[in-house]
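Each chain, written out:
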Amino acid sequence: MKIAVVILNWNGVQLLEKFLPSVVQYSPEAEIYVADNASTDASIAFVKAHFPAVQIIQNNGNYGFAKGYNEALKNLQADVYALVNSDIEVTPNWLTPIVKTFQEERSTAIIQPKILDYKQKQLFEYAGAAGGFIDKYGYPYCRGRIFDTIEKDNGQYNDKRTIFWASGACFFIRTSVYHELKGFDDDFFAHQEEIDLCWRANNKGYQIKYVHESTVFHVGGATLQQGNPMKTYLNFRNSLFMLTKNLPRKKLFPILFTRMVLDGLAGIQFLTQGKVKHFWAILRAHFSFYQGFRKHYKKRDMVQMAQYFHIKSIVYQYFIKAGKVFEQ
């Protein structure tokens, strides 16, 4: 099985200096690529000078995560794409259990490893942890991370199990499935494009798995910090686009209405906290959603899975019922 490890980069020479060595050292069975979104720093020069075996794919512009990968993978031949953030440290034999799962389970199309925090290695990392789910209203959460509550890794998620979405921080997908689904949605630019892709894979009956035997460490927020209003804008906008594309037809408008009310409450909370820029980010996200609704509605698949959520409301479970960890 041919594995292509593809690291998307934009002006990230310092991240490449720190994390590319582990990928090269622990991935002898894979071809390694750096897909560069038209960096203006020394990224390409660094890779060429220090890792000549690493192949470089040069995009013509900063296309973000979604289109950046779509452009880079257009003509890349492999059986499996391993899409890896530039701030990921991998571990010995990290590819072995992933390849084994793909070989043994033909219906499994997407896999995520265990993702731990690079800075506090005993903790799960925010972006993916031990596999992702969404609630009825499209709010994402993970085993090991509910909103801002991060669990310590005590082996409680040392398993292999079906999940709803895999983190884009370290995302394995069969090449055939990636191209069948036409990759990520370019219009998302960044954030939640992997959840949208996984939802579309679920709609077609593919399995998405978490495999704990493979472990990576993620810095998180190295490109766009958690408190950045642009992150707020992209997350709220893209979540509404994702719901428009993937919700079952009968549930589409009732759930969109409820979700937008909940977004409004989140905006009010930002105002009470003095986070005016985040309030405006949600307003901007909603106006962008109105403008893009028709376009994204036309992207809907012929069939949507009826039961896509694990629980009805993660907001209710977390804030009212005080369910702070996945098992609660």
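Per an unreviewed UniProt entry, the protein goes by the name Glycosyltransferase family 2 protein and belongs to Flavobacterium erciyesense. The record held by UniProt for the protein lists under Sequence similarities (unreviewed entry) the comment "Belongs to the glycosyltransferase 2 family."

Trainee: Please explain the nonpolar core as it appears in this structure.
Mentor: Soluble globular proteins tend to pack their nonpolar side chains together in the buried interior. Of all hydrophobic cores here, the largest spans 76 residues; its most connected members are Val6, Tyr69, Tyr81, Ile110, Phe171 and Phe184. Residue contributions to this core peak at seven residues, all from helix 7 (residues 229-246). Residue contacts for Tyr81: discarding those within four places in its chain leaves Ala4, Leu73, Leu76, Phe171, Phe172, Ile173, Thr175, Tyr178 and His179. Judged by nonpolar contacts, the second largest core, of 31 residues, contains Ile3, Ile7, Leu20 and Ile115.

Trainee: Is there a simple way to explain the UniProt feature "domain: Glycosyltransferase 2-like" (unreviewed entry) in the protein in this structure?
Mentor: Using the residue numbers shown here, the UniProt feature "domain: Glycosyltransferase 2-like" (unreviewed entry) corresponds to residues 5-180. Taken as a whole, residues 5-180 contains 26% helix and 30% strand, while its terminal C-alpha atoms sit 20 Å from one another.

Trainee: I would appreciate a short explanation of the pairing of strand 6 (residues 108-117) in the present structure.
Mentor: Residues in a regular strand point their side chains to alternate faces of the sheet. For strand 6, the tally of buried residues reaches ten of ten residues, placing the bulk of the element in the interior. With nine bridges connecting them, strand 6 and strand 13 (residues 207-218) associate as parallel partners. Counted as the bridge partner of Ile110 is Ile208 from strand 13. With two bridges joining them, strand 6 and strand 12 (residues 170-174) adopt antiparallel strand pairing. Directly across from Ile110, in strand 12, lies its bridge partner Ile173.

Trainee: What is the right way to look at the packing of aromatic side chains in this model?
Mentor: Each aromatic ring pair is summarised here by two numbers: the centre-to-centre distance and the angle between the ring planes. This structure, assessed with the given rule, holds 27 aromatic pairs. Judged by centre distance (5.0 Å) and plane angle (70°), the ring pair of Phe65 and Tyr69 falls under edge-to-face. One end of the pair, Phe65, and the other, Tyr69, are both in helix 3 (residues 64-72), four residues apart, so they sit about a helical turn from each other. Like Tyr69, Phe65 is buried.

Calculation notes
Think of each chain on its own: its residues are numbered from 1, step by step along the sequence as written. Per-residue local features are limited, in this predicted model, to residues with pLDDT of at least 70; the limit for side-chain atom pairs, both in listing and counting, is 80 or more; totals at the level of whole chains, interfaces and linings are taken over all residues. Processing note: side-chain calculations cover all non-hydrogen atoms of the structure and skip hydrogens and water entirely. UniProt positions are given in the numbering used here, feature names are shortened, and annotations may be inferred rather than shown by experiment. Among buried residues, those of type Ala, Val, Leu, Ile, Met, Phe, Trp, Tyr and Cys that are joined through side-chain atoms within 4.5 Å constitute a nonpolar core. Relative accessibility decides the category of a residue: with a 1.4 Å probe and only protein chains considered, values under 20% of the type maximum give buried, values over 50% give exposed, and everything between is partly exposed. Put simply, DSSP marks the helices as runs of H or I at least four residues long and the strands as runs of E at least two long, and each gets a number from the N terminus on. Any two residues whose heavy atoms approach within 4.5 Å at even a single point are treated as in contact. Being paired, for any two strands, means DSSP has found at least two bridges between them. When the centres of two rings from Phe, Tyr and Trp lie within 6.5 Å, Trp using its six-membered ring, the rings pair. Their planes under 30 degrees apart give stacked, over 60 give edge-to-face, and anything left gives tilted.

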